[in-house]
Amino acid sequence: MKTILWLQGGACGGNTLSFLNAENPDVLEFFSYYDVKVLWHPSLSLESGDKVRELLNNIVDMKINLDIFIFEGTVVLGPNGSGKFNMFAGRPMKDWVNEISKVANYVVAVGDCASFGGVPASEPNPTESTGLQFHKKEKGGFLGKDFRSRKNLPVINIPGCPAHPEWIITTLSMIINDKLTEEDLDEYQRLKIIYSTTTQFGCPRNIYFSYKVALKEFGHREGCLYFDLGCKGSYTKSPCNVILWNKQSSKTRVGTPCFGCTEFDFPTFNFFVTEKNRSGIPKRLPLGVSRGAYTTLSAVARASAPEFLVKPLIKKKEDRGNWLE
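Position labels on residues start from 1 in each chain and follow its written sequence. In keeping with the model being predicted, local features are shown solely for residues with a pLDDT of at least 70 and side-chain atom pairs are shown and tallied solely at 80 or more, while totals for entire chains, interfaces and linings include all residues. The basis for every side-chain value is the complete set of heavy atoms in the structure, and neither hydrogens nor water enter the calculation.

**A look at the overall build of the chain**
Note the cut-off: By definition, any uninterrupted DSSP run of H or I lasting at least four residues is a helix, any uninterrupted run of E lasting at least two residues is a strand, and each is numbered from the N terminus. Using C-alpha atoms as the atom set, the radius of gyration is obtained and then compared with a globule rule of 2.2 Å times the number of residues to the power 0.38. We call two residues in contact when some of their heavy atoms are within 4.5 Å. Only four residue types enter the tally: Lys and Arg on the positive side, Asp and Glu on the negative side, with His and both chain ends excluded. Where a charge lies is defined by one atom per residue type: Lys uses NZ, Arg uses CZ, Asp uses CG and Glu uses CD.
Along its length, the chain carries 10 helices and 11 strands. Taken against the 2.2 N^0.38 rule, which gives 20 Å for 325 residues, the C-alpha radius of gyration of the chain at 22 Å falls within 12% of a compact globule. Projecting the C-alpha coordinates of the chain onto the three principal axes gives extents of approximately 70 × 45 × 40 Å. Long-range contacts, defined here as pairs at least 24 residues apart, represent 67% of the contacts in the chain between residues at least 6 apart. Between the mean site of the 39 positive side-chain charges and the mean site of the 34 negative ones, the chain shows a separation of 6 Å.

Have a look at this one:
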């Protein structure tokens, strides 16, 4: 039997809600199938107050074995490094995190906040928040760049705002079966089988991206959101268009730009506007594409765009032009 402890720091609870929406298997089936005992979870457990403090102390003293420590949200260090903005079971949460991480076989950061700091750690960061082993792009975070769990692994990150329930369950199942090694993680300690491709993979708007046909306004099923409307799907590592949300959709499929919430720099510039240079070229180019190659390819692609892509499928009465002007 494996044991899990789940704690929340500076968080909205979104990753817990996402995890509880898991299906095939659902959360209870998952725990039963893998013979997992949940020592405590803020939304699933009834114990509170002294009972939780006693449990945590027994874990720290290694009277209770802890296999997987899951942390959701940022580690709050404020004010002035005291951690007193986030008290839990009689102590700053950061102190529990520090001590429990040392005795857990595996430490997992679920969500972008726990992985990289996310929204709470963005400037001006009044709560002095940080991620478990990263502060934005910089490795270190709260536990330090050299931290290793008892199984000699760094913190295993499952970023996302929130993380998809299947990402969480896939990662946990590998850990529970002792199948996860350091080679399975990328440079930001994310599972490669989940975070190797970009959000663009599987996006039904891909053909518009290929021919550089830009969507000019929200509310249309055709056109690419990257060129003008802030989509970060071409340089964000996530499988959101492969492992669909609620098994049927994603942001780009419903006409909303990818916000890049699985990356270290989330949140960034205006979510709904593409930041451009003086030449009108997006400042952030698709992953691995040079500026020269992008400029050349764009000119050729736009010139050869099929007519059926250039014209809106459903044209409003007041619309006068095509997507390509």
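**Section: the sheet that holds strand β11 (residues 156–158)**
Heads up, the rule is: Here, any two strands with at least 2 DSSP bridges between them count as paired. For helices, the fitted line uses only the C-alpha atoms of the stretch in contact; every axis is such a line through C-alpha atoms, and the angle between N-to-C directions lies from 0 to 180 degrees.
Taken together, the five strands give an open sheet; going across it, the order is β2-β1-β3-β7-β11, and neighbouring strands pair in parallel fashion. Edge positions in the open sheet fall to β2 (36–40) and β11, since each of these has one partner strand only. Between one strand and the next, the sheet's axes are offset by a mean angle of 25 degrees, whatever the strand orientation. Here four bridges tie strand β1 (residues 2–8) to β2, and the two strands are oriented parallel to one another. Opposite Lys 2, over in β2, you have Val 36 as the bridge partner.

**Let's talk about the nonpolar core**
This is how the line gets drawn: Here, the term nonpolar core denotes a set of buried Ala, Val, Leu, Ile, Met, Phe, Trp, Tyr and Cys residues that are joined through side-chain atoms within 4.5 Å. Burial classes: relative accessible area under 20% of the type maximum marks a residue as buried, over 50% as exposed, and values in between as partly exposed (1.4 Å probe, protein chains only).
Counting residues in hydrophobic clusters, the biggest one holds 30 residues, and the most contacted among them are Phe 19, Ile 68, Ile 70, Ile 156, Leu 172, Ile 175 and Leu 180. For this core, the secondary structure elements donating two or more residues are β1, α2 (27–33), β3 (68–72), β7 (106–110), β11, α6 (165–176) and α7 (192–195). If one sorts the elements of this core by residue count, α6 sits on top with seven residues. Ignoring anything within four residues of it in the chain, the contact list for Ile 70 reads Ile 4, Leu 5, Trp 6, Leu 7, Val 108, Val 110 and Leu 172. Judged by nonpolar contacts, the second largest core, of 28 residues, contains Phe 88, Val 97, Leu 132 and Val 155.

**Comments concerning the packing of aromatic side chains**
Rules: The criterion for an aromatic pair is that two Phe, Tyr or Trp rings (for Trp, the six-membered ring) have centres within 6.5 Å, with stacked assigned to planes under 30 degrees apart, edge-to-face to planes over 60 apart and tilted to the rest. Charges are assigned to positions over rings by a cutoff of 6 Å between ring centre and Lys NZ or Arg CZ, combined with an angular limit of 35 degrees from the ring normal.
Counted under the stated rule, the structure contains 20 aromatic pairs. Arranged with centres 5.9 Å apart and planes meeting at 15 degrees, the rings of Phe 266 and Phe 271 form a pair that is stacked. One aromatic cluster in this structure is built from Trp 6, Phe 19, Phe 30, Phe 31, Tyr 33 and Tyr 34. Between Lys 212 and the ring centre of Phe 209, over which it is positioned, the NZ or CZ distance is 4.1 Å.

**Details of the domain arrangement of the chain**
This is how it is decided: Each domain's limits were defined by an automated method or a database of domain assignments. The term buried area denotes the loss of accessible surface (1.4 Å probe radius) that occurs when two parts are joined, taken as the sum for both partners. For this analysis, a salt bridge means a side-chain nitrogen from Lys or Arg found within 4 Å of a carboxyl oxygen belonging to Asp or Glu. We define a polar contact as two N or O atoms separated by no more than 3.5 Å, with the added condition that, inside protein, one atom must be a possible hydrogen donor and the other a possible acceptor, whereas residues neighbouring each other in sequence contribute only through side-chain atom pairs.
In terms of domains, the chain is made up of domain 1 (2–194) and domain 2 (197–324). Measuring from the centre of the C-alpha atoms in domain 1 to the corresponding centre in domain 2 gives 33 Å. Contacts between the two partners involve 22 residues from domain 1, matched on the other side by 14 residues from domain 2. Between domain 1 and domain 2, a total of about 1600 Å² is buried, with carbon and sulfur atoms accounting for 61% of that surface. Linking domain 1 with domain 2 are two salt bridges, by the criterion used here. With a closest N to O distance of 3.0 Å, Lys 247 and Glu 166 form a salt bridge. Taken together, the links from domain 1 to domain 2 amount to five residue pairs in polar contact (both at pLDDT 80 or more). Counting residues per element, the side of domain 1 that touches domain 2 draws most heavily on α6, at three residues.

**Regarding the side chain of Thr 74**
In this structure, Thr 74 sits in the loop between β3 and β4 (75–76). Under the relative-accessibility criterion, Thr 74 is labelled buried at 0%. Here the side chain of Thr 74 touches Ser 129 through a polar contact of 2.9 Å, side chain to side chain. Contacts of Thr 74, omitting those with residues within four sequence positions, involve Gly 9, Gly 10, Cys 113, Ala 114, Gly 117, Pro 120, Ser 129 and Thr 130.

**Remarks on the UniProt feature "domain: Cytochrome-c3 hydrogenase C-terminal" (unreviewed entry) in the chain**
Defined as follows: UniProt positions are given in the numbering used here, feature names are shortened, and annotations may be inferred rather than shown by experiment.
The positions UniProt marks with the feature "domain: Cytochrome-c3 hydrogenase C-terminal" (unreviewed entry) are residues 195–270. In the segment residues 195–270, helix accounts for 8% and strand for 0%; the C-alpha atoms at its two ends are 24 Å apart.

**Observations regarding unusual backbone geometry**
Pro 79 follows Gly 78 through a cis peptide bond whose omega is -5 degrees. One can find Pro 79 in the loop between β4 and β5 (87–88). The omega torsion of the bond from Glu 123 to Pro 124 falls at 10 degrees, within 30 degrees of zero and hence cis. Inspection of the secondary structure puts Pro 124 in the loop between α5 (112–116) and β8 (129–130). Even without a glycine there, the phi angle at Ala 89 is positive, about 50 degrees. Residue placement: Ala 89 occurs in the loop between β5 and β6 (91–92).

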